[in-house]
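# Chains, contacts and geometry: an overview
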Amino acid sequence: MTSTNYGRAAILQALHPHTFNALQELVMAMSAVANNAGKKTFFGRDKGQESYARFLRALRATIHSMVLDGVIRESTPTDEAATRLEGSLRQFQETFPNWQDAYGFADIFFGEKREDAIAAMDRLRSTP
């Protein structure tokens, strides 16, 4: 079983501190979406919807963090921003490989459903 590479984590955090912190929340939110899809609480609340809303908030924060760290600019086209986010997620995955459900969700969201991901990111980037 692979484990966390703490040396690499320190380097990533030093290079892009805001993005590193935002990616931690984003990965946990993606994991929650993957694990809660189609589930309801005892009282009937949709856990999948709550998890997806949390994911969108984390995605928005990650985009803002990438701007703060200079990974992207406000003027960067959303398609390029998505590509750079995928690159950041790959680096994060190499550092923290144990979140396979989250990375699987990311592969689907940014891969198979890329048009929807771009639309969601456009919407998130345009809202204050």
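Provided above is the structure to which this section pertains.
Each chain carries its own residue numbering, running from 1 in the written order of its sequence. The predicted origin of the model limits local features to residues at a pLDDT of at least 70 and limits the giving and counting of side-chain atom pairs to 80 or more, whereas totals for whole chains, interfaces and linings rest on all residues. With hydrogens and water excluded, all non-hydrogen atoms of the structure serve as input to the side-chain values.

This paragraph deals with the nonpolar core. Only buried residues count toward a nonpolar core, which is a set of Ala, Val, Leu, Ile, Met, Phe, Trp, Tyr and Cys residues joined through side-chain atoms within 4.5 Å. The classification of residues rests on relative accessible area computed with a 1.4 Å probe and restricted to protein chains. Under 20% of the type maximum is buried, over 50% is exposed, and intermediate values are partly exposed. If you look at the biggest cluster of nonpolar residues, it comprises 34 residues, and the most contacted ones within it are Leu26, Met30, Phe55, Leu59, Leu85, Leu89 and Phe110. By the criteria applied, helices consist of DSSP H or I runs no shorter than four residues and strands consist of E runs no shorter than two, each listed in order from the N terminus. Sorting the residues of this core by element identifies α1 (6-15), α2 (17-36), α3 (47-68), α4 (78-95), α5 (100-112) and α6 (114-126) as the ones contributing at least two each. No other element matches α2, which puts seven residues into this core. Not counting the four nearest positions on each side in its chain, Leu85 is found in contact with Leu23, Leu26, Leu59, Thr62, Met66, Phe110 and Met121. Two residues qualify as a contact provided that any one of their heavy atoms is within 4.5 Å of a heavy atom in the partner residue.

Let us look at the pattern of salt bridges. Any carboxyl oxygen of Asp or Glu within 4 Å of a side-chain nitrogen of Lys or Arg constitutes a salt bridge here. Taken as a whole and assessed by the stated rule, the structure comprises five salt bridges. Here Asp79 ties to Arg114 by a salt bridge, and the two come within 3.2 Å at their closest N and O atoms. Of this pair, Asp79 sits in helix α4 while Arg114 is found in helix α6, placing the two residues 35 residues apart along the sequence. Among the salt bridges present, the one from Arg84 reaches Glu80, with a minimum N-O distance of 2.6 Å.

What characterises a pair of aromatic rings is the spacing of the ring centres plus the angle enclosed by the ring planes. Classification of ring pairs rests on two measures: the distance between centres of Phe, Tyr or Trp rings, Trp counted by its six-membered ring, which must be within 6.5 Å, and the angle between planes, read as stacked under 30 degrees, edge-to-face over 60 and tilted in between. Summed over all chains, the structure comprises eight aromatic pairs. Centre to centre, the rings of Phe55 and Phe109 are 5.0 Å apart; their planes meet at 85 degrees, and the pair counts as edge-to-face. Separated by 54 residues along the polypeptide, Phe55 in helix α3 and Phe109 in helix α5 bring together distant segments of the chain. For the pair Phe55 and Phe109, one class covers both residues: buried. Arranged with centres 5.7 Å apart and planes meeting at 20 degrees, the rings of Phe105 and Phe109 form a pair that is stacked. Of this pair, Phe105 and Phe109 both sit in helix α5, four residues apart, which is roughly one turn of the helix. Phe109 carries the same exposure label as Phe105, and that label is buried. Ring pairs connect the aromatic residues Tyr52, Phe55, Phe105, Phe109 and Phe110, which therefore count as one cluster.

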